Amino acid sequence: MAVGARSGHDEPEDRPGSPVGGAENEDSEVGVDSGSGGRDQSGGPGGADRDGGPTKDDRAARNQRSFWKELPLLIGIALVLALLIKTFLVQAFSIPSESMQNTLLVGDRVLVDKLTPWFGSKPERGEVVVFHDPGGWLEGEPTPDPNVAQKFLSFIGLMPSANEKDLIKRVIAVGGDTVECKKGGPVMVNGKALSEKSYIYPGNTPCDDQPFGPINVPKDRIWVMGDHRQDSLDSRYHQNLKGGGTVSVDQVVGRAFTVVWPVNRWSWLGVPSTFDQPGINAAAALGPGALGFAGALPIVLRRRRKVSRRRTAG
């Protein structure tokens, strides 16, 4: 019986101050320590915060995953903005020929203002403009076959589309102007000679290769010429086509206002001072004035007749 009694007390007796179920509590303590990498619960490296929140490593991993999730959205927004800029603000164009030397060289990249035409602005004399082929100007010219990268760049507006046949020339006369050039002489706009030494190609003449005029430019149309006169198939050479060599302002993409590439060619494309000379707008301004005078003349004559009759009757 004594043995039986002792076998019932094989377990160590609980002692004052010792935890209840000591072995099990020791196991639970080890489990917590192993989960924390053998460190305390102070939120150190590899451990959880005291309140059970994510660690710094967890937050960093979550931020990285968030960035990759947002990247497609950022790219999409960038593409949309690029398309809006291309459509409404500015577009880059590459110079393919020598017709505008030395103002523009082959391979130059220019930015074209597409915003102001949306507000009713029209091309002015002296501006360099990009315009769509009015029809027949680029007939027979080969169409380039762009690669994938070029197609993408043209899609977002960093390169012109190979499918669009565009030209770049200088505006010489606008609607309502009279323009002409005789062999050995200067280009005349509304009776005023243009001084073109600052922009036409050195050694070129204003029009000896193709004299023209006088040409009365119709309303909402422009007469354009290249700065390299002896290497430019411009308005002079298309007088047999619809429009008589002039270009509709609706065909104008916009004004080229700066050269952006290559870097050593950075420059603004301003309007030469010869187009601001006094009197060049005289002919255009004469039209409304003459109409006003013609309309007022009958009224004045009628009034004079009434006054004369009153004097005779008196």
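Attention in this report is confined to the structure presented alongside it. (Residues numbered from 1 in each chain as written. Predicted model: local features only at pLDDT ≥ 70, side-chain atom pairs only at ≥ 80, totals over all residues. Heavy atoms only, no water.)

So, the packing of aromatic side chains
Line of reasoning, step 1. Considering all chains together, one arrives at four aromatic pairs under this definition.
Line of reasoning, step 2. Ring plane angle 85° and centroid distance 5.7 Å describe the contact between F131 and W137, whose orientation is recorded as edge-to-face.
Line of reasoning, step 3. With a centroid separation of 6.0 Å and 25° between ring planes, the pair formed by F257 and W268 is classed as stacked. Of this pair, F257 sits in strand β11 (residues 252-261) while W268 sits in strand β12 (residues 267-268), placing them eleven residues apart in sequence.
Line of reasoning, step 4. Overall, the relative accessible area of 67% leaves W268 in the exposed class. (Phe/Tyr/Trp six-rings, centres within 6.5 Å; stacked < 30°, edge-to-face > 60°. Helix = DSSP H or I, 4+ residues; strand = E, 2+ residues; numbered from the N terminus. Buried < 20%, exposed > 50% of the residue type's maximum accessible area, 1.4 Å probe, protein only.)

Re the pairing of strand β9 (residues 221-225)
Line of reasoning, step 1. Across the five residues that make up β9, a large majority, four, are buried.
Line of reasoning, step 2. In the sheet, strand β4 (residues 166-174) pairs with β9 via four bridges, with the strands oriented antiparallel. Bridging from a neighbouring strand, A173 pairs with W223 of β9. (Pairing = 2+ DSSP bridges.)

Considerations on the state of the cysteines
Line of reasoning, step 1. By the definition in use, this model includes one disulfide.
Line of reasoning, step 2. In this model C181 forms its disulfide with C207; the gap between the sulfur atoms is 1.9 Å. Given an S-S torsion of about -85°, the disulfide between C181 and C207 has left-handed geometry. Highlighted residues: C181 in strand β5 (residues 178-181) and C207 in the loop between β7 (192-193) and β8 (212-216), separated in sequence by 26 residues.
Line of reasoning, step 3. Of the residues examined, C207 reaches a relative accessible area of 0% and is grouped as buried. (Disulfide = S-S within 2.5 Å.)

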